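Residue strings, one per chain:
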Amino acid sequence: MTRHRLVQFGLPSLLAAIGAGEVLGNDEIGVKGIAIALIVAMAVVLTGRYRWPVATLAGVLVLFTIAEEAYGIADATGSAFAILLLTLYAAGAYADRRGRWVGAVLLAVYLGVFLLDSTTPVGDFFFIGGIMTGVWGAAIVVNSRQRLASELAVRTVELEHEREEKAKLAVAEERARIARELHDVVAHNLSVMIVQAGAERREIADERPETAEVLQT
């Protein structure tokens, strides 16, 4: 199993086990079976955070809301809140631009509807809301860094290809220059040879007609 797979499935499994231990050790939670089932369900949904970050966030928010509003489980277990924070981070870090907007709306709706109600202390709202917003903001920064790194990597490859093409062009131009110089030198030498042969032919035309004929040819 690769490291990515180990993190993808191992971390939710660990949180589910911790959550089950928290539920079993808390006498204030009466519906332990339902509480464990909800935490396990949140952990299972969390495994899809890399492939479907926004859908995972929506599913975890729904399960977390049920656990908190119906059974009061979220306050009694830190693992449930940890799963929610991990989901928030994944949605901000791995979703595309449209997905991040959807995730921001989901976060705003959750904070506005389920935390800012008549039974929620103002201090708790700002504390919990601040943590969730901070995690979301950190994820956005990570996403921006990742996109910048990807763009720089692509640009580096493009520049490398451009450098190679320029090097090939420079070599081709140098070869063409050498070929032109060789052509000029050869043409000049041939011209000198022809002139010299013509002069020699005229000098020996009467004395050695056979050699003069060869030079003429």
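Residues numbered from 1 in each chain as written. Predicted model: local features only at pLDDT ≥ 70, side-chain atom pairs only at ≥ 80, totals over all residues. Heavy atoms only, no water.

Description of the overall build of the protein chain
At step 1: The number of helices and strands found in the protein chain is 8 helices and 0 strands.
At step 2: Counting across all 217 residues of the protein chain, residues that qualify as buried make up 28%.
At step 3: Taking contacts inside the protein chain between residues at least 6 apart in sequence as the whole, the part at least 24 apart equals 66%.
At step 4: When the accessible surface of the protein chain is totalled, it reaches about 14,000 Å², and 64% of it is carbon and sulfur. (Helix = DSSP H or I, 4+ residues; strand = E, 2+ residues; numbered from the N terminus. Buried < 20%, exposed > 50% of the residue type's maximum accessible area, 1.4 Å probe, protein only. Contact = heavy atoms within 4.5 Å. Areas by Shrake-Rupley, 256 points an atom, 1.4 Å probe, with all protein chains shown as cover.)

Quick look at a nonpolar patch on the surface
At step 1: Among the surface-exposed residues, Val186, Leu190, Met193 and Ile194 lie close enough to one another that they form a single nonpolar patch of about 400 Å² accessible area.
At step 2: Within the secondary structure, Ile194 is located in helix H7 (residues 122–204). (Patch = residues over 30% accessible without salt bridge, like charges linked within 9 Å, V, L, I, M, F, W, Y side chains within 5 Å. Salt bridge = Lys/Arg side-chain N within 4 Å of Asp/Glu carboxyl O.)

Some remarks on helix H2 (residues 32–46)
At step 1: Taking 1.5 Å of rise per residue, 15 residues should cover 21 Å, and H2 covers 21 Å from first to last C-alpha, within 8% of that figure.
At step 2: Among the residues of H2, those classed as buried are Ala35, Leu38, Ile39, Met42, Ala43 and Leu46. Buried residues along H2 cover an arc of 135° about the axis, so they all sit on one side. Projecting away from the buried face of H2 at angles above 90 degrees are the exposed residues Gly33 and Val44. (Expected span 1.5 Å × (residues − 1). Arc of directions from axis to C-beta.)

Observations regarding the packing of aromatic side chains
Aromatic rings considered in pairs are described by the distance between their centres and by the relative angle of their planes.
At step 1: Scanning all chains against the criterion turns up 3 aromatic pairs.
At step 2: Both rings, one in Phe64 and one in Phe81, keep their centres 6.4 Å apart while their planes meet at 45°; by these two values the pair is tilted. You can see Phe64 sitting in helix H3 (residues 53–71) and its partner Phe81 sitting in helix H5 (residues 78–94), a full 17 residues away along the chain. Both residues of the pair, Phe64 and Phe81, count as buried.
At step 3: Counting every residue linked through ring pairs, the aromatic cluster contains Phe64, Phe81 and Tyr110. (Phe/Tyr/Trp six-rings, centres within 6.5 Å; stacked < 30°, edge-to-face > 60°.)

Considerations on the environment of Arg98
At step 1: Topologically, Arg98 is positioned in helix H6 (residues 97–115).
At step 2: A residue is classified by how much of its surface remains accessible, and Arg98, at 71% relative accessible area, is exposed.
At step 3: Separated by 44 residues in sequence, Arg98 and Val54 have C-alpha atoms that sit 9.8 Å apart.

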